[in-house]
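# Summary of structural features
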Amino acid sequence: MKKSVLLFTLIFVFVIGGSFTEHKPKDPTIEGTWELQSFYNYDGENVIDTIEKSDGYRQVKMYSKEKIMWTRYVPDDPNGRFGYGSYRVTDNSLIEVIEYGDDDMMKALDTMRNFTFELILKEDTFSQITVDSDGNRTFSENYKRID
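Below is a summary of the structure that appears in this document. All of these numbers come straight from a predicted model, not from anything done at the bench. Starting afresh in each chain, residues are numbered from 1 along the sequence in its written order. Where totals are concerned, whole chains, interfaces and linings use all residues; where local detail is concerned, this predicted model gives features only for residues with pLDDT of at least 70, and gives and counts side-chain atom pairs only at 80 or more. Hydrogens are left out, water is left out, and the side-chain values use all remaining heavy atoms of the structure.

Counting from the N terminus, the helices are DSSP H or I runs at least four residues long and the strands are E runs at least two residues long. Looking only at helices and strands, the chain has 2 helices and 9 strands in total. Listing each helix as α and each strand as β along the chain from the N terminus yields α-β-β-β-β-β-β-α-β-β-β. Partly exposed residues are those whose accessible area sits between 20% and 50% of the maximum for their type, while under 20% is buried and over 50% is exposed, using a 1.4 Å probe and protein chains only. Taken across its 147 residues, the chain has 29% of its residues classed as buried. When contacts within the chain are restricted to residue pairs at least 6 apart in sequence, long-range pairs at least 24 apart make up 41% of them. Areas reported as accessible are Shrake-Rupley estimates using a 1.4 Å probe. Residue values count occlusion only from the protein chains shown. Working note: accessible area of the chain is about 10,200 Å², and carbon and sulfur atoms make up 55% of it. Residue contacts are counted whenever heavy atoms from the two residues lie within 4.5 Å of one another.

What follows is about the nonpolar core. If you look at the biggest cluster of nonpolar residues, it comprises 18 residues, and the most contacted ones within it are I30, Y63, L94, I98 and F126. Elements supplying a minimum of two residues to this core: β1 (32-44), β4 (67-73), β6 (93-101), α2 (103-109) and β7 (114-121). Put simply, buried Ala, Val, Leu, Ile, Met, Phe, Trp, Tyr and Cys residues joined by side-chain atoms within 4.5 Å make one nonpolar core.

Assignment of secondary structure puts S140 in strand β9 (residues 137-145). Judged by its relative accessible area of 0%, S140 is buried. Throughout this description, a polar contact denotes any pair of N or O atoms lying within 3.5 Å of each other; where both atoms belong to protein, one of them has to be capable of donating a hydrogen while the other can accept it, and for residues adjacent in sequence the pair is counted only when both atoms sit in side chains. Engagement of the side chain of S140 in a polar contact is seen with the side chain of N142, the distance being 3.1 Å.

On to the pairing of β1, then. The two faces of a sheet get side chains in turn, since along a regular strand they alternate between them. Strands pair, by our definition, only if DSSP identifies at least two bridges between them. Pairing analysis gives 4 bridges linking β1 to strand β3 (residues 58-63), with the strands arranged antiparallel. Bridging from a neighbouring strand, E35 pairs with V60 of β3. Pairing analysis gives 8 bridges linking β1 to β9, with the strands arranged antiparallel. Among the inter-strand pairings, N41 is bridged to a residue of β9, identified as F139. Of the pairings in the sheet, the one linking β1 to strand β2 (residues 47-52) comprises 5 bridges and is antiparallel in character. Opposite S38, over in β2, you have E52 as the bridge partner.

Right, let's get into the environment of R72. Tracing the backbone shows R72 in strand β4. Taking C-alpha positions, R72 is 5.6 Å from R58, a pair spaced 14 residues apart along the chain. Once residues lying within four places of it in the same chain are set aside, the contact partners of R72 are Y57, R58, Q59, G80 and R81. A polar side-chain atom of R72 sits 2.8 Å from a polar atom in the side chain of Q59.

The subject of this paragraph is the environment of V74. The topology assignment puts V74 in the loop between β4 and β5 (81-89). Residue classification places V74 among the partly exposed residues on the basis of a relative accessible area of 27%. Residues V74 and Q59, 15 residues apart in the sequence, show an inter-C-alpha distance of 8.6 Å.

All right, on to the pattern of salt bridges then. Close approach of charged atoms allows side chains with opposite charge to pair. We define a salt bridge as a side-chain nitrogen of Lys or Arg found within 4 Å of a carboxyl oxygen belonging to Asp or Glu. Counted under the stated rule, the structure contains 8 salt bridges. Here D102 and R81 are joined by a salt bridge, their closest N and O atoms 3.0 Å apart. Remark: R81 occurs in strand β5 and D102 occurs in the loop between β6 and α2; sequence separation between them is 21 residues. By the burial criterion, D102 is buried, and R81 matches it. One salt-bridge network, in which partners are shared between bridges, spans E35, K53 and R58.

Right under this line is the structure:
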């Protein structure tokens, strides 16, 4: 009987004690697979136009712990597009460093390999926003988590 009372008391203490511990929501992570949903144009700060992707257009980005790979399919373009590299996320920025890609991407990489975006990251969506040299928002790609 004493053992049962002691066991019940211990369980009761752990259950009650556990209900007072703080459960912190985890921060959203960009790790996963994302599909482009739309584009925004900005007036420097606010969205002034939403452009939905055209029929058949698909763009997918995959982020692992340190690497990114993206691919794009445009129905009227016989050549697909892709790129591969590394990335990092800061408080409000996404920095991608593309190492290689398709032929057109490799030509573009001759002039630019580092891409820095303002990042708005939520649990199942993110926007990568291009800003001009004065820090004004100009354009964004908006993604939805698919895995």
